[in-house]
Amino acid sequence: EAQVTQNPRYLITVTGKKLTVTCSQNMNHEYMSWYRQDPGLGLRQIYYSMNVEVTDKGDVPEGYKVSRKEKRNFPLILESPSPNQTSLYFCASSTPGYEQYFGPGTRLTVT
Amino acid sequence: AQKITQTQPGMFVQEKEAVTLDCTYDTSDQSYGLFWYKQPSSGEMIFLIYQGSYDEQNATEGRYSLNFQKARKSANLVISASQLGDSAMYFCAMREVTGNQFYFGTGTSLTVIP
C-alpha cells in the first residue's frame, strides 16, 4: 500500500529535550516536505527536499532541522523544543509538480 | 503578502445543494499549480483536485470542480450535491515552479446540514 508514515503519532515532551519525528514514504517520491498546522493559520511549510541531500527552508524553518540521506526518509529534528512548537505536524511526499500525499500527522506538545 | 487567501472561515450548506469555497492566490510566476485538500475531523489530509496554470479547461473530479479564473487569480472549489460526509475543513494550496514551495490557505470549515 502506497503510504507516508510518521512516528510517533503523539508526543508530549519538555522544553529543551531534543526530539526527532520520523517520516518515511514507499512511493519513490523525489519531493518530501514538513508542515505544521496551527488553528487559524492553516498549514505552513517548514522544510522541503527535492531529492537526497537537497533541502530548502519553507516559511517557518526556525527551530527545526531536517536531513535527507535516503530518498524514502525525511526526519524532522527539534534540537531544543519550545512551547511555541506545540503543533500538529504533517510530512508529505510527491512527484515534483503533482499532488502531495500526506502522513497521518504527529501531535506534539511541548511543556 | 499572503500567497493564498481563503476568506470564508466557516460555511454551511444544505444537503444535496451545491457550495462554492473561495480561494484567491498571489504569484508572479507564470507556471504554478493549484490544489484543494479536504481534512475531515479525523485529521488526515485528502487530495481533491488540481489545476495547472496553463490548463485551459477547469478541472473536475466527480462532484468537485475548480472554477479557475486566471486573470482574477481565483481558484474556487465547487462541490455539487453536498453530502453529510463533505463536512470538513478545506484547504486551497499553491505550488510555484520557481522555488518549489507549497503555500496553503487558512482553510474553510464546511458544515453540511441534513
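Throughout this document, residue positions are counted from 1 along each chain, in the order its sequence is written. Here every chain gets a letter starting at A, and every ligand a number starting at 1, in the order they are written. With the structure being a predicted model, the display of local features is reserved for residues of pLDDT at least 70 and the display and counting of side-chain atom pairs for 80 or more, all residues being used for whole-chain, interface and lining totals. To obtain the side-chain values, all non-hydrogen atoms of the structure were included, while hydrogens and water were left out.

Q: I'm lost on the packing of aromatic side chains in this one. Help?
A: Two measures describe an aromatic ring pair: the distance that separates the ring centres and the angle between the ring planes. Two rings from Phe, Tyr or Trp (for Trp, the six-membered ring) form a pair when their centres sit within 6.5 Å of each other. Planes less than 30 degrees apart are called stacked, planes more than 60 degrees apart edge-to-face, and all others tilted. All chains considered together, the criterion is met by 15 aromatic pairs over all chains. With 6.2 Å between their ring centres and 80 degrees between their planes, F102(A) and F104(B) make a pair best called edge-to-face. Of this pair, F102(A) sits in strand β10 (residues 101-102) while F104(B) sits in strand β11 (residues 102-104), on two different chains. One aromatic cluster is present, built from ring pairs that chain together Y31(A), Y35(A), Y48(A), F90(A), F102(A), F35(B), Y37(B), F47(B), Y50(B), F102(B) and F104(B). The criterion is that NZ of a Lys, or CZ of an Arg, lies within 6 Å of the ring centre and within 35 degrees of the ring normal, and then a charge sits over that ring. Lying across the ring of F74(A), R68(A) places its NZ or CZ 6.0 Å from the centre. A cation sits over an aromatic face here: R63(B) above Y64(B), 5.7 Å from the ring centre. In this text, helices come from DSSP runs of H or I with a minimum length of four residues, and strands from runs of E with a minimum of two, each type numbered from the N-terminal end.

Q: Help me understand the interface of chain A and chain B, please; the structure alone is not making it clear to me.
A: Size of an interface, as often reported, equals the accessible area lost when the parts are brought together. In this analysis, two residues are considered to be in contact whenever any of their non-hydrogen atoms come within 4.5 Å of each other. On the side of chain B, 17 residues touch chain A, which itself brings 20 residues to the contact. Around 1500 Å² of area is buried between chain A and chain B when both sides are counted, 56% of it from carbon and sulfur atoms. Salt bridge, as used here, is a side-chain nitrogen of Lys or Arg placed within 4 Å of a carboxyl oxygen of Asp or Glu. On inspection of chain A and its partner chain B, the count reaches zero salt bridges. Here a polar contact is taken to be a pair of N or O atoms separated by no more than 3.5 Å, where protein atoms must pair a possible hydrogen donor with a possible acceptor and residues adjacent in sequence count only if both atoms sit in side chains. Our enumeration of links across chain A and chain B arrives at five residue pairs in polar contact (both at pLDDT 80 or more). Looking at the side of chain A that touches chain B, the element that brings in the most residues is strand β5 (residues 42-51) of chain A, giving five residues. Buried area: the sum, over both parts, of the accessible surface (1.4 Å probe) that disappears when the two are put together.

Q: Sorry if this is basic, but what is going on with unusual backbone geometry here?
A: Backbone phi values are negative for most residues with the exception of glycine, while trans is the configuration of most peptide bonds. For the peptide bond that leads from N7(A) to P8(A), omega is -5 degrees, which places it in the cis range. Backbone geometry places K16(B), a non-glycine residue, at a positive phi of 80 degrees. Throughout, exposure labels follow a simple rule: accessible area from a 1.4 Å probe, protein chains only, divided by the maximum for the residue type, with under 20% read as buried, over 50% as exposed, and the rest as partly exposed. With relative accessibility at 68%, the residue K16(B) sits in the exposed group. One non-glycine residue, K73(B), lies in the positive phi region at around 55 degrees. Its place among the elements puts K73(B) in the loop between β8 (64-69) and β9 (74-79).

Q: Mind showing me how you'd approach the pairing of strand β11 (residues 106-110) of chain A here?
A: Looking along a regular strand, one sees the side chains alternate between the two faces of the sheet. Residue and element names in this part refer to chain A. Alternating positions in β11 separate cleanly, T106, L108 and V110 being buried on one face and R107 and T109 remaining unburied on the opposite face. A pair of strands is considered paired only if DSSP assigns at least 2 bridges between the two. Two elements, strand β2 (residues 10-13) and β11, share four bridges in a ladder whose sense is parallel. When the bridges of β11 are listed, T13 appears paired with V110.

Q: I'm lost on the sheet that holds strand β3 (residues 19-25) of chain A in this one. Help?
A: Two pairing modes exist for strands in a sheet, parallel and antiparallel, and in both the strands are linked by backbone hydrogen bonds. Residues and elements named next belong to chain A. Taking strand neighbours across the sheet as the criterion, the four strands line up as β1-β3-β8-β7 in an open arrangement whose pairing is antiparallel. Bordering the open sheet on either side are β1 (4-7) and β7 (65-66), each of which pairs with just one other strand. In this sheet, strand β8 (residues 76-78) lies alongside β3 in antiparallel orientation, the contact comprising three bridges. Its bridge partner being in β8, T20 is matched across the sheet by I77.

Q: Honestly, the state of the cysteines in this entry has me stumped. Any pointers?
A: By definition, a disulfide is the covalent link that joins the sulfur atoms of two cysteine residues. A pair of sulfur atoms, both from cysteines and within 2.5 Å, is called a disulfide here. Under the counting rule described, the total for this entry stands at two disulfides over all chains. A disulfide bridge connects C23(A) with C91(A), and the sulfur atoms are separated by 1.8 Å. As the torsion about the S-S bond is roughly -70 degrees, the C23(A)-C91(A) disulfide counts as left-handed. Taken as a pair, C23(A) in strand β3 and C91(A) in strand β9 (residues 87-94) lie far apart in primary sequence, 68 residues in all. As far as burial versus exposure is concerned, C23(A) and C91(A) are alike and both buried. Here C23(B) pairs with C92(B) through a disulfide, and the sulfurs are 2.0 Å apart. Between C23(B) and C92(B), the S-S torsion sits near -65 degrees, and that sign places the bridge as left-handed. Of this pair, C23(B) sits in the loop between β3 (19-21) and β4 (24-25) while C92(B) sits in strand β10 (residues 88-96); the two residues are 69 residues apart in sequence, bridging distant segments of the chain. Neither C23(B) nor C92(B) differs from the other in exposure class; each is buried.

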